[in-house]
Amino acid sequence: ELGLADAFQTALCLMEWPDRLGDEAPANALCLDFALMDAENSRCPSLTAKGGKWHHIRALLVEGSDAAKH
């Protein structure tokens, strides 16, 4: 109804609550999650690649993040 299936194929789509998509969620997705780390609400981001489309991009992002720590 919103045209999301077409948008997932041709555009970069950012979803705040992707779990609400249910069966409409794309098979190939790059997910960014934030886990609470402490009582001060510090958050730790993590990237998960679903399907094969994003694995290379995720690896580059994680590699760059690890290099920045040193």
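Residues numbered from 1 in each chain as written. Predicted model: local features only at pLDDT ≥ 70, side-chain atom pairs only at ≥ 80, totals over all residues. Heavy atoms only, no water.

### Overview of the overall build of the chain
Thinking step 1. Check the secondary structure of the chain and you find 2 helices and 2 strands.
Thinking step 2. Along the chain direction, N to C, the helices and strands of the chain fall in the order α-β-β-α.
Thinking step 3. Counting all 70 residues of the chain, 7% fall into the buried class.
Thinking step 4. Within the chain, residue pairs in contact and separated by at least 24 positions form 18% of the contacts whose partners lie at least 6 positions apart.
Thinking step 5. Only carbon and sulfur atoms are counted for the fraction: they give 55% of the accessible area of the chain, which is about 6100 Å². (Helix = DSSP H or I, 4+ residues; strand = E, 2+ residues; numbered from the N terminus. Buried < 20%, exposed > 50% of the residue type's maximum accessible area, 1.4 Å probe, protein only. Contact = heavy atoms within 4.5 Å. Areas by Shrake-Rupley, 256 points an atom, 1.4 Å probe, with all protein chains shown as cover.)

### Some words on the pairing of strand β1 (residues 29-36)
Thinking step 1. Of the pairings in the sheet, the one linking β1 to strand β2 (residues 43-50) comprises 8 bridges and is antiparallel in character. If you follow A35 over to β2, its bridge partner there is C44. (Pairing = 2+ DSSP bridges.)

### Digging into unusual backbone geometry
Thinking step 1. We note that N41 has phi near 65°; this positive angle belongs to a residue other than glycine.
Thinking step 2. Mapped onto the elements, N41 comes out in the loop between β1 and β2.

### A word on the confidence of the model for the chain
Low pLDDT means the predicted atomic positions in that stretch should not be read closely.
Thinking step 1. Of the residues in the chain, 89% have a pLDDT of 70 or more, and the chain-wide mean is 82.
Thinking step 2. The lowest-confidence element of the chain is helix α2 (residues 55-68), averaging 77 in pLDDT; the highest-confidence one is β1, averaging 87. (pLDDT = per-residue confidence, 0-100.)

### Here's the deal with the environment of C44
Thinking step 1. Position of C44 relative to the elements: it lies in strand β2.
Thinking step 2. Sequence-wise, C44 and D33 are 11 residues apart; in three dimensions their C-alpha atoms are separated by 8.1 Å.
Thinking step 3. Discounting chain neighbours no more than four positions away, the residues touching C44 are D33, F34, A35 and M37.

### A look at the environment of L4
Thinking step 1. Within the element layout of this structure, L4 appears in helix α1 (residues 4-10).
Thinking step 2. Considering only alpha carbons, one finds L4 and E24, 20 residues apart in sequence, at a separation of 8.1 Å.
Thinking step 3. Leaving out residues up to four positions away in the same chain, L4 has contacts with M15 and L21.

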